[in-house]
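Single-letter residue listing:
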Amino acid sequence: MSAVEPGRSPDDSVVVRVVGLAGSLRATSATRRAVRCALNGAERDGARAQLLDLASYDLPFLGREREEPGKRAVERFLADIRAADGVILGSPEIHGSVSGLLKNALDLTSVKEFEGKMVGLIGVAGGRLGASETLSHLRTIGRALHAWVVPIQASIADSEGAFDSRGEPRDQELRDRLESLGRQVAHFAWLHKCENHVQFLKEWEGAVR
């Protein structure tokens, strides 16, 4: 669980939007299920949460983003990222790194889309060791994009059995961690959007500890 228990202060008029990106195209993948669980946590903290389905954009490979019809797809995708206050990134660990699907999507973005945004990270692995390499690579990407990568992260091992037939985490500790991640993204995005910098820094330092 997070060292900071997210919660609202008096200004509840500020609307926070959190979106999720899953680096897997399978509707029943553990990665998508994990991102959805984290988005549920963001909703419980008062945010408007949405999973952005990368398959629906039909994004081109980097280098062809200025060609039609891919250009329109990229513009729509970037607009959706810019409209968000927080982003949850989830990826399966493939060959020790981020999936090509998610990496290409992130390659199409820039600092303009991510600067100052809260970002939460989820790594999913089929083996017992978890997805530490993927999380490390995603954290580096987040820093390069000038985003605030929240302290809590989730590494899921043995992904094949991590979720039940309904897409829910089998383990309560995993559910709590994913939801805490989402809540932390929403909470710090809210503080940042309210420009409550003193409270933001105080709680951020507590979360890091």
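Residues numbered from 1 in each chain as written. Predicted model: local features only at pLDDT ≥ 70, side-chain atom pairs only at ≥ 80, totals over all residues. Heavy atoms only, no water.

(A) Fine view of the overall build of the protein. A tally of regular secondary structure across the protein gives 8 helices and 5 strands. Of the regular secondary structure in the protein, the N- to C-terminal order runs β-α-β-α-α-β-α-α-β-α-β-α-α. For the protein, whose C-alpha radius of gyration is 16 Å, the value lies close to the compact-globule estimate of 17 Å for 209 residues. Dimensions of the protein, computed from C-alpha atoms along their principal axes, come out at roughly 45 × 40 × 30 Å. Put simply, the protein has 209 residues, and 51% of those count as buried. With an accessible surface of roughly 10400 Å², the protein has 48% of that area assigned to carbon and sulfur atoms. (Helix = DSSP H or I, 4+ residues; strand = E, 2+ residues; numbered from the N terminus. Rg over C-alpha atoms; globule rule 2.2 N^0.38 Å. Buried < 20%, exposed > 50% of the residue type's maximum accessible area, 1.4 Å probe, protein only. Areas by Shrake-Rupley, 256 points an atom, 1.4 Å probe, with all protein chains shown as cover.)

(B) View of the pairing of strand 4 (residues 118-124). Counting buried residues in strand 4 gives 7 out of 7 residues, a clear majority hidden from the surface. The alternating pattern of strand 4 places M118, G120, I122 and V124 on one face and V119, L121 and G123 on the opposite face, and all of these are buried. Pairing geometry for strand 3 (residues 86-92) and strand 4, over 7 bridges, is parallel. Bridge pairing links G86 to M118 in strand 4. Two elements, strand 4 and strand 5 (residues 148-156), share 6 bridges in a ladder whose sense is parallel. (Pairing = 2+ DSSP bridges.)

(C) View of helix 6 (residues 132-144). Spanning 13 residues, helix 6 covers 19 Å between terminal C-alpha atoms, matching the ideal 18 Å at 1.5 Å per step. Buried within helix 6 we find T134, L135, L138, I141 and G142. The buried side chains of helix 6 occupy one side of the element, clustering within an arc of 125° when seen end-on. Residues R143 and A144 are exposed on helix 6 and point more than 90 degrees away from its buried face. The first or second residue beyond helix 6 is H146, which carries a positive phi of 65°. (Expected span 1.5 Å × (residues − 1). Arc of directions from axis to C-beta.)

(D) View of the sheet that holds strand 2 (residues 48-52). The strand order across the open sheet built from 5 strands is 2-1-3-4-5, with neighbouring strands paired in parallel fashion. Looking along the sheet, the strands with just one partner apiece sit at the ends: strand 2 and strand 5. The sheet shows a mean angle of 15° between the axes of neighbouring strands, taken without regard to direction. Two strands pair when backbone bridges link them, and strand 1 (residues 17-22) and strand 2 are joined in this way by 5 bridges, in the parallel orientation. Bridge pairing links V18 to A49 in strand 2. Sheet strands in contact with helix 4 (residues 100-107) are strand 1 and strand 3, and its direction is about 145° off that of strand 3. This element, helix 7 (residues 172-193), spans strand 1, strand 3, strand 4 and strand 5 of the sheet and lies at about 170° to strand 5. (Axes fitted to C-alpha atoms, helices over the stretch in contact; angles between N-to-C directions. Contact = heavy atoms within 4.5 Å.)

(E) Representation of the pattern of salt bridges in the model. Evaluation of the coordinates by the stated rule reveals 8 salt bridges. K103 is paired through a salt bridge with D107; the nearest N and O atoms lie 2.7 Å apart. Of the two residues, K103 and D107 both sit in helix 4, 4 residues apart, roughly one turn of that helix. A relative accessible area of 32% means that K103 is categorised as partly exposed. A salt bridge links D164 to R166, with the nearest nitrogen and oxygen atoms 3.3 Å apart. Judged by its relative accessible area of 67%, R166 is exposed. (Salt bridge = Lys/Arg side-chain N within 4 Å of Asp/Glu carboxyl O.)

(F) Here's a closer look at the nonpolar core. Membership of the largest hydrophobic core comes to 35 residues, with the highest contact counts inside it found for V18, I88, I122, I156 and L178. Counting only elements with at least two residues in this core, the list comes to strand 1, helix 1 (30-44), strand 4, strand 5, helix 7 and helix 8 (197-208). Broken down by element, this core gets its largest block of residues, 9 residues, from helix 7. For L178, the contacting residues outside a window of four places in its chain are A34, C37, A38, I122, A154, I156, F163 and P169. Within the second largest apolar cluster, 28 residues are counted, among which are L54, F77, L121 and L135. (Core = buried A, V, L, I, M, F, W, Y, C linked by side-chain atoms within 4.5 Å.)

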